[in-house]
Amino acid sequence: MRITDTSDLWWKSAVVYCLDVQTFMDWNDDGMGDFVGLNERIDYLSELGVTCLWLMPFYPTADRDDGYDITDYYGVDSRLGNAGDFVEFVRMARDRGMRVIVDLVVNHTSDRHPWFRSARSPGSPYRDFYIWRDDVPPDTSGQVVFPDKEDSLWQYDEKAGAWYFHRFYRSQPDLNITNARVRDEILKAMGYWLELGVSGFRVDAVPFVIETTGVDAEELARFHDPHAYLRELREFVGRRTGDGILLGECNLPHRDQKKFFGGADGDELTMQFDFIGMQNLYLSLAREDARPLARALKRRPKVAEQSQWATFVRNHDELTLDKLSPGERDEVFAAFGPDPEMQLYGRGLRRRLPPMLDGDPRRLRMVYSLLFSLPGTPVLFYGEEIGMGENLDIPGRLAVRTPMQWTSDRNGGFSRARPSALRRPLTEGPYGPEHVNVGDQRKDEDSLLWFVSRLIKRYRESPELGWAQFQVLDQPHRNVLAHECAHDDRRLVALHNLSAGSCTVPLTLDGCDSSHHLVDLLHADCEIDLDDRGRAEVGLDGYGYRWLRLMSEDSRRLA
Ligand code: NOJ
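Rules behind the numbers
Residues take numbers from 1 onward in each chain, read along the sequence in its written order. Note on the predicted model: pLDDT of at least 70 is required for a residue's local features to be given, and 80 or more for side-chain atom pairs to be given and counted; whole-chain, interface and lining totals, by contrast, use all residues. The basis for every side-chain value is the complete set of heavy atoms in the structure, and neither hydrogens nor water enter the calculation. Helix and strand labels come from DSSP, where a helix needs a run of H or I of at least four residues and a strand needs a run of E of at least two; each type is numbered from the N terminus. A helix's residues, less one, multiplied by 1.5 Å, set its expected span. Burial classification: accessible surface area is computed with a 1.4 Å probe over protein chains only, and a residue below 20% of its type maximum counts as buried, one above 50% as exposed, and the rest as partly exposed. Note: the arc covers the axis-to-C-beta directions of the helix. The criterion used for residue contact is that any of the two residues' heavy atoms lie within 4.5 Å. N or O atoms closer than or at 3.5 Å make up a polar contact, with two conditions inside protein: a donor-capable atom paired with an acceptor-capable one, and, for residues adjacent in sequence, both atoms drawn from side chains. Throughout, the term near means that a residue has one or more heavy atoms lying within 4 Å of the molecule or strand in question. Note on areas: these come from Shrake-Rupley sampling with a 1.4 Å probe, and a residue is covered only by the protein chains present in the view. Here a strand pair is declared whenever DSSP counts at least two bridges between the two strands. Only the stretch in contact is used when a helix axis is fitted, and all axes are lines through C-alpha atoms; the angle between N-to-C directions ranges over 0 to 180 degrees.

Draft legend 1. Representation of helix α4 (residues 83-95) in the model. Between its first and last C-alpha atoms α4 spans 18 Å; for 13 residues at 1.5 Å apiece the expected length is 18 Å, and the two agree. All of the buried residues in α4 are D85, F86, F89, V90, M92 and A93. When α4 is viewed along its axis, its buried side chains cluster within an angular range of 165 degrees and face the same direction. Looking at the buried residues of α4, the elements they touch are α2 (35-40), α3 (42-48), β2 (52-55), β3 (99-104) and α6 (180-195). Capping the start of α4 is the job of one residue whose side-chain oxygen sits 3.0 Å from the backbone nitrogen of G84: N82.

Draft legend 2. Layout of the site of the ligand. In the vicinity of the ligand, the residues found are D65, Y68, H108, F146, F168, R202, D204, E249, H316, D317, R397 and R401. Between the ligand and the protein, one listed contact pairs an oxygen atom with a side-chain N or O atom of H108 at 3.2 Å. One nitrogen or oxygen atom from the side chain of D317 is found 2.5 Å from an oxygen atom belonging to the ligand. When the ligand sits alone it has 300 Å² of accessible area, and the protein chains cover 98% of it.

Draft legend 3. How the structure looks around the sheet that holds strand β15 (residues 469-472). The six strands lie next to each other as β15-β16-β17-β22-β19-β20, forming an open sheet whose pairing is antiparallel. The sheet is open, and its two edges are formed by β15 and β20 (527-529), each paired on a single side. Each adjacent strand pair in this sheet contributes to an overall mean axis angle of 25 degrees, direction not counted. Against the sheet, helix α17 (residues 448-461) makes contact with β17 (490-497) and β22 (545-552), and its axis sits at roughly 30 degrees relative to β22, the strand it touches most.

Draft legend 4. Fine view of the sheet that holds strand β13 (residues 348-349). Spatially, the three strands line up as an open sheet ordered β11-β13-β12, and their pairing is antiparallel. The open sheet is flanked by β11 (319-320) and β12 (343-344), the only strands paired with a single partner. As paired strands, β12 and β13 are joined by two bridges and run antiparallel to one another. Bridging across to β13, L344 finds its partner in G348.

Draft legend 5. Representation of the pairing of strand β7 (residues 200-203). Here β7 shows no split at all, with G200 and R202 on one side and F201 and V203 on the other all buried. One ladder, built from three bridges, connects β3 with β7; its direction is parallel. Counterpart to V102 in the pairing with β7 is F201. Bridging between β7 and strand β8 (residues 245-248) involves four bridges; their strand directions are parallel. Each residue of the ladder has a partner; that of G200, found in β8, is I245.

Pasting the structure below:
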């Protein structure tokens, strides 16, 4: 069937906004964000124009991995509120036309989850919920995800008298998905949140969820195809909700990611983050050379009509550069995080974008213009819209997870608790709330907040960006990315200058002549005529950006 209404597959032109309830807004003055606070700020999110809110884990947790270690799949962490507050949140979001997706963390549980507590006793009915071995494990120190804290994928447990498998921290034992009971439990938990109104899940660590390392041969034989399991999850979400999605975290080379979208009809993950595009974006920014990004985009696999790439600049983890070569990684480190305390695990940066760009507003805006014009669905991490920075005094990845900065008042307007009672300190210095906050930027039409809102508005008016037939356009400047997104009779050309010098970009647009012209969507009153061979010359300032909608004489579209 041909899909004509672009709102049908809502995720293809969504604007996703990731937030953590505990750092967004504290309403009960205990120094930690909560659902009531989030609900009080829901109009801010709706005015910003985002259409899908992704909540990081808010479940009961042992809190050794900022909520990614769950002790109860059916609960709300009591410090953040209760199930009623959650339902109220979903209702308020949906009332305002925003969908909600939640983190699904099922590669592992917390070691304090009742299943694991029981599983430690030999003979427990939950024993096979996890992956055990009796003999001494081989050296796996080269495979650990967090090398600062772990040196093996196996941990000996005295009570169990055996080693258990953990991909991440030792406090996060991996679930054994070859066990049908585990798979049923996962579906049941998903069904619960879907019934409460969520529109799908951001699925944590997907390749690890379906891996079967350490599972014994007999069990493995009963579990033939891990991808069949992903298809099962997707089918379930579809059955229960009709249009619910799975947005998967798979930091893999593009060719491997393709498998996670499923077959020709895209029957596994609905969306995947484009980690390769993101890493090459930073390489391009560091070199002021658009070619690495252009290459990554050209090589990005085409996906089924209902599948989608999720594009992003930063997320809640380290800015991983693990798929670049060591030399390329060093270039990005040198440009954006030369100080060892800015780096993490030798593979990434624990920084937000504005400090990496030395706060240069032109460059910052150019990057967000790129994010919203690249083919795919853009994902923002809270605080990006106002240009928040990191706090390097906070250990590890938490440096970028500081409280949202609402005003220049005490605690950045995030909480009325004593500053010493804040669960997570704020950012300080030039990116602290005195200088960077929502309240001030709301009053200033030239602020980043207004700029990002305008980008979101333009993005939402341009479904060709999300639905794109995409191509990189030939032009002579290596510092410029010129690309075109087309869908049906809509065509949009975007130009981005990654360097400080201005330039003029010659363009030739296929199938066009002097009956066509380009209308600049970001700069008012700017139209560019094409000649009889579809050619135009477009000027770009240093770090300049333009979104040009192609119009014909008889076009009835609003530019
Ligand atoms: C990926 C998440 O993004 C990260 O924050 C978490 O620590 C690991 N998965 C383990 O759940």
